[in-house]
Amino acid sequence: MEIEGKGDVIMECVLRNGSVCSFLVCDVSHVPKLGHPLISWRKLRTKGYTEYGEGDFISINKGTKVMFEAVFDGNLFKIPEISQSAHITYNFWHQALGHLAPSSMDKAIKLYSDADIPAKPKDFIYSSCVKSKMARNSRPSTSGNDRNKLDLVHSDLSGPFPVPSYGNSLYYITLIDDATRVAWV
C-alpha cells in the first residue's frame with residue numbers, strides 16, 4: 001500500500017489503572033488505505049522498549065515506566081486512547097486557528113461545516129487575547145543622544161527552566177544597548 005506521508009504522533013493512552021500516559025511515536029507512516037493503525041513491535045524493541053504480556057494485556061515499558069498498554073479484543077491487540085473529541089472544543093479551535101476573532105470563527109464554522117467546530121460559548125473570553133489588546137503608555141525614552149554605543153547596556157537574566165534548551169541551557173540573558181537598541185540573547 002502507498003505511504004502518503006511520514007511524521008510524529010503523540011498518543012494519549014489510557015492505562016489499566018485509569019491514568020493517562022502521553023507517548024511520542026516517531027517516524028510514523030501515513031497509509032490511508034490500511035484502515036487501522038499498526039505499531040511495529042520490532043521497531044519498539046530496537047529503541048529499548050520491552051514487552052510484558054499478562055492474559056489479554058500487553059504492556060510496553062521503557063525501563064520501569066509503562067508507556068502504553070494494549071488489550072486483546074478477540075482479533076487484535078488495541079491501544080486504548082483518549083477520545084479526540086476532548087480536543088474539539090471552541091477554545092481548542094480558537095488557539096489552533098491563531099487566536100482568530102470570534103466573528104471570523106463564525107465564518108469558519110459556516111465555511112468548514114465538516115470540521116466539527118463547535119459554536120462559540122455565550123461567555124467565551126480568552127484572557128491572553130484580552131491582555132494582548134490592552135494598551136499601555138510607553139516608558140519615557142532615556143536621552144540616548146548623548147550616549148555612545150555600549151555606554152549603557154541593560155540586561156536581564158531568566159531561569160532556571162525545568163527543561164533544558166536545545167543547547168542544554170537552563171538560563172538565558174538579554175542584553176540591550178541603550179544608544180542603538182541592538183539586542184542580544
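The sections below set out a description of the structure shown in this document. Keep in mind the model is a prediction, meaning the values are calculated, not measured. (Residues numbered from 1 in each chain as written. Predicted model: local features only at pLDDT ≥ 70, side-chain atom pairs only at ≥ 80, totals over all residues. Heavy atoms only, no water.)

Quantified by volume, the largest pocket comes out at close to 1,100 Å³. Along the wall of the largest pocket there are 31 residues; nearest its centre are V28, P37, L38, I39 and S40. Listed by contribution, the elements that provide at least two residues to the lining of the largest pocket are β1 (5-14), β2 (20-30), α1 (41-46) and β6 (77-78). Of all the elements, β2 adds the most residues to the lining of the largest pocket, at eight residues. Tallied by class, residues from the lining of the largest pocket come to 20 nonpolar, six polar and five charged. (1 Å grid on protein atoms, 1.4 Å probe; cavity = no way out; pocket = protein on both sides within 12 Å on 5 of 7 lines; lining within 4 Å. Points joined across faces, edges and corners; volume = space filled by probe spheres on them. Helix = DSSP H or I, 4+ residues; strand = E, 2+ residues; numbered from the N terminus. Nonpolar A, V, L, I, M, F, W, Y, C, P; charged D, E, K, R; others polar.)

Positionally, D177 belongs in strand β8 (residues 172-177). Buried within the structure, D177 lacks any salt-bridge partner; its nearest side chain of opposite charge belongs to K149, at an N-O separation of 7.2 Å. Those residues in contact with D177, other than ones at most four positions away along the chain, are K149, L150, D151, L152, V153, V182 and W184. (Buried < 20%, exposed > 50% of the residue type's maximum accessible area, 1.4 Å probe, protein only. Lys, Arg positive; Asp, Glu negative; His and termini not counted. Salt bridge = Lys/Arg side-chain N within 4 Å of Asp/Glu carboxyl O. Contact = heavy atoms within 4.5 Å.)

Cis geometry is adopted by the peptide bond preceding P160, which originates at G159 and carries an omega value of 0°. Secondary-structure assignment places P160 in the loop between β7 (153-158) and β8. One non-glycine residue, L150, adopts positive backbone phi at about 65°. Among the structural elements, L150 can be located in the loop between α4 (127-132) and β7. Exposure remark for L150: the relative accessible area of 56% places this residue in the exposed category. Notably, N168 is not glycine yet its phi reads approximately 65°, a positive angle. Residue class for N168 comes out exposed when judged on its relative accessible area of 61%.

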